[in-house]
Amino acid sequence: DKFGRKRSCIIYCILYIISCMTKHFNSYTILLFGRITGGIATSMLFSCFECWMVSEHLQRNRFSGSLLGYMFGLMYTVMYCVAIASGLAGQAVADAAPFGPISE
């Protein structure tokens, strides 16, 4: 925890915003910079928010460890269910849309 958990989450948000903004440019250098910032932001996404939650859970609020396990279990269960539902909805939309050549 060299930079702080909350600060790392804010840096993630800033890097991801920069990454999304670079998609609107037609310059290879800017697009490459956006890919790099997006990669850094993605690696931060899978670590800093969970670390911040564990820290707040155990240090500031002093909740029990079993509640933390329940919270992570619920989080992953909901996340997997949303991923499955999103995949099914996306497939339904793709099946409903006719695919063919684009004519001008």
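This report concerns the structure included in the present document. Predicted model, so just to flag it, every value in this text is computed and none were measured.

### Concerning the side chain of Ser 19
Then, number 1: Structurally, Ser 19 can be placed in helix α1 (residues 5–21).
Then, number 2: Overall, the relative accessible area of 4% leaves Ser 19 in the buried class.
Then, number 3: Among residues more than four places away in sequence, those in contact with Ser 19 are Gly 34, Thr 37 and Gly 38.

### Some thoughts on the packing of α1 against helix α2 (residues 28–45)
Each pair of packed helices can be summarised by the angle the axes make with each other and by the distance between the axes.
Then, number 1: It is at 8 Å that the axes of α1 and α2 come closest, and there the two elements cross at 150°. In terms of axis orientation, α1 runs roughly antiparallel to α2. In this structure, α1 meets α2 at a crossing whose hand is left-handed. Contacts from Ser 8, Ile 11, Tyr 12, Leu 15, Tyr 16, Ile 18 and Ser 19 in α1 reach Phe 33, Gly 34, Thr 37, Gly 38, Ile 40, Ala 41, Met 44 and Leu 45 in α2.

What counts as what
Residues numbered from 1 in each chain as written. Predicted model: local features only at pLDDT ≥ 70, side-chain atom pairs only at ≥ 80, totals over all residues. Heavy atoms only, no water. Helix = DSSP H or I, 4+ residues; strand = E, 2+ residues; numbered from the N terminus. Buried < 20%, exposed > 50% of the residue type's maximum accessible area, 1.4 Å probe, protein only. Contact = heavy atoms within 4.5 Å. Axes fitted to C-alpha atoms, helices over the stretch in contact; angles between N-to-C directions. Parallel < 35°, antiparallel > 145°, perpendicular 65-115°, else oblique. Left-handed = near helix turned anticlockwise from the far one by under 90°.

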